[in-house]
Amino acid sequence: YTQLNLEFAPTNAFRDLQTALATIGATEAADIKGVRRQVVKGIGSAWRGIRMAEKGKDHEWAPWWERFKKAGAKTAWLENYKDPADLEARLRKRVDRAGVTGQMADATEAALEWVGMQNTAAENAIRLSVFRTAIEAGISEERAAGIAKNLTVNFNRRGDWGVYMNAYKLFTNAQIQGTFNLFKALAKDKRVRGVAYGFVGLGILESILGRMV
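Below or above, wherever it landed, is the structure these notes cover. Remember, predicted model here, so these are calculated numbers, not experimental data.

Comments concerning the overall build of the protein chain
Broken down by element type, the protein chain carries nine helices and zero strands. Sequence-ordered secondary structure for the protein chain, helices as α and strands as β, is α-α-α-α-α-α-α-α-α. Evaluated residue by residue, the protein chain yields a buried proportion of 36% over its 213 residues. Within the protein chain, counting contacts between residues at least 6 apart in sequence, those at least 24 apart form 67% of the total. With the model as given, the accessible surface of the protein chain reaches about 13600 Å², and the carbon-plus-sulfur share is 60%.

Some details on a nonpolar patch on the surface
A cluster of nonpolar side chains, Val195, Phe199, Val200, Leu202, Ile204, Leu205, Ile208, Leu209 and Met212, forms an exposed patch at the surface whose accessible area comes to about 910 Å². Inspection of the secondary structure assignment puts Phe199 in helix 9 (residues 190-212). On the basis of relative accessibility, which here comes to 54%, the residue Phe199 falls in the exposed class.

Quick notes on the side chain of Thr133
Tracing the backbone through its elements, the reader meets Thr133 in helix 5 (residues 99-136). Sequence-distant contacts of Thr133, that is, excluding residues within four places in its chain, are made with Ile32, Val35, Gln38 and Val39.

Focus: the packing of aromatic side chains
Tallied over the full model, the rule gives four aromatic pairs. One aromatic cluster is present, formed by Trp64, Trp65, Phe68 and Phe131 through successive ring pairs. Lying over the aromatic face of Trp47, Arg51 brings its terminal NZ or CZ to 4.6 Å of the ring centre. Against the face of Trp61 rests Arg132, its NZ or CZ located 4.6 Å from the ring centre.

Some points on the environment of Gly178
Within the element layout of this structure, Gly178 appears in helix 8 (residues 172-188). Accessibility expressed as a relative area gives 23% for Gly178, which makes it partly exposed. For the pair formed by Gly178 and Thr23, sequence separation is 155 residues and the distance between their alpha carbons is 9.4 Å.

Quick notes on helix 8
Between its first and last C-alpha atoms helix 8 spans 25 Å; for 17 residues at 1.5 Å apiece the expected length is 24 Å, and the two agree. Thr172, Asn173, Ala174, Gln177, Asn181 and Ala185 are the residues of helix 8 that are buried.

Some words on the packing of helix 8 against helix 9
Close contact between helix 8 and helix 9 brings their axes to 5 Å; oriented N to C, the two are set at 115°. Between helix 8 and helix 9, the angle is such that the two are roughly perpendicular. When you trace helix 8 past helix 9, the crossing you get is left-handed. For the pair helix 8 and helix 9, the contacting residues are Ala185, Leu186, Ala187 and Lys188 in the first and Lys190, Val192, Arg193 and Ala196 in the second. Class assignment of the residues belonging to the contact of helix 8 with helix 9 gives a composition of five nonpolar, no polar and three charged.

Quick look at the pattern of salt bridges
Two side chains that carry opposite charge are able to pair once their charged atoms sit near each other. Evaluated as defined, the whole model comprises eight salt bridges. For Glu54, the salt bridge identified is with Lys69, shortest N-O distance 3.3 Å. On the criterion of sequence distance, the pair formed by Glu54 in helix 2 (residues 35-54) and Lys69 in helix 3 (residues 62-70) is long-range, its members being 15 residues apart. Of the residues examined, Lys69 reaches a relative accessible area of 29% and is grouped as partly exposed. We note a salt bridge from Glu60 to Arg132, for which the minimum N-O separation is 3.2 Å.

Things to note about the packing of helix 2 against helix 3
Where helix 2 meets helix 3, the axes come as close as 8 Å, and the angle between the chain directions of the two elements is 80°. In terms of orientation, helix 2 lies roughly perpendicular with respect to helix 3. The residues of helix 3 that touch helix 2, namely those facing Ile50, Ala53 and Glu54, are Ala62, Trp65 and Lys69.

Some points on helix 2
Taking 1.5 Å of rise per residue, 20 residues should cover 28 Å, and helix 2 covers 27 Å from first to last C-alpha, within 8% of that figure. The largest bend along helix 2 measures about 40° and falls at Ile43. At the C-terminal side of helix 2, Gly56 shows a positive phi close to 85°.

Criteria and cut-off values
- Residues numbered from 1 in each chain as written.
- Predicted model: local features only at pLDDT ≥ 70, side-chain atom pairs only at ≥ 80, totals over all residues.
- Heavy atoms only, no water.
- Helix = DSSP H or I, 4+ residues; strand = E, 2+ residues; numbered from the N terminus.
- Buried < 20%, exposed > 50% of the residue type's maximum accessible area, 1.4 Å probe, protein only.
- Contact = heavy atoms within 4.5 Å.
- Areas by Shrake-Rupley, 256 points an atom, 1.4 Å probe, with all protein chains shown as cover.
- Patch = residues over 30% accessible without salt bridge, like charges linked within 9 Å, V, L, I, M, F, W, Y side chains within 5 Å.
- Salt bridge = Lys/Arg side-chain N within 4 Å of Asp/Glu carboxyl O.
- Phe/Tyr/Trp six-rings, centres within 6.5 Å; stacked < 30°, edge-to-face > 60°.
- Lys NZ or Arg CZ within 6 Å of the ring centre and 35° of its normal.
- Expected span 1.5 Å × (residues − 1).
- Axes fitted to C-alpha atoms, helices over the stretch in contact; angles between N-to-C directions.
- Parallel < 35°, antiparallel > 145°, perpendicular 65-115°, else oblique.
- Left-handed = near helix turned anticlockwise from the far one by under 90°.
- Nonpolar A, V, L, I, M, F, W, Y, C, P; charged D, E, K, R; others polar.
- Bend = angle between axes of the 7 residues up to and from the residue.

In structure tokens:
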């Protein structure tokens, strides 16, 4: 439904952008002049840089992607391997494949990996742009990683009950974190409150127009 879903990447990226531009007002990066403009400007290049770096190719953003990962800022919906034993089992399975069936399985797996890479790039492009913007503005790498990691929904933070809650209702963790981050931004940034008031006003107007129609 997420990592291997072609439709999820563009729609989720749009939602993430809206959330990020709101919640950044509640972080240290809020003091950077024109931070929202800088972040938006860098997203496209960051997305291409992540894809190129994951393919082992050079790109201006590739070194930033490596710094981003080493700083622990990368987030994803799925973890590739639960433990070394799981990795060993998968490797043995691939070695044992043979013939047409094995080739078809490899092709299917390669296609799924490609979709997963696109979603990883979309999920982390905004965060990487924030990470670089923060560092270039003088914020430490450790703090920049923290800002980027928790900018929207940190899927690697879930608490002791997170797994069970998500099993009961998909994206419970994301809903809890998203709501908390939004209220934090509303409390700290008057610009975010202004946007929120605007959306409430549009909602009221939409309701009035709907009743008139």
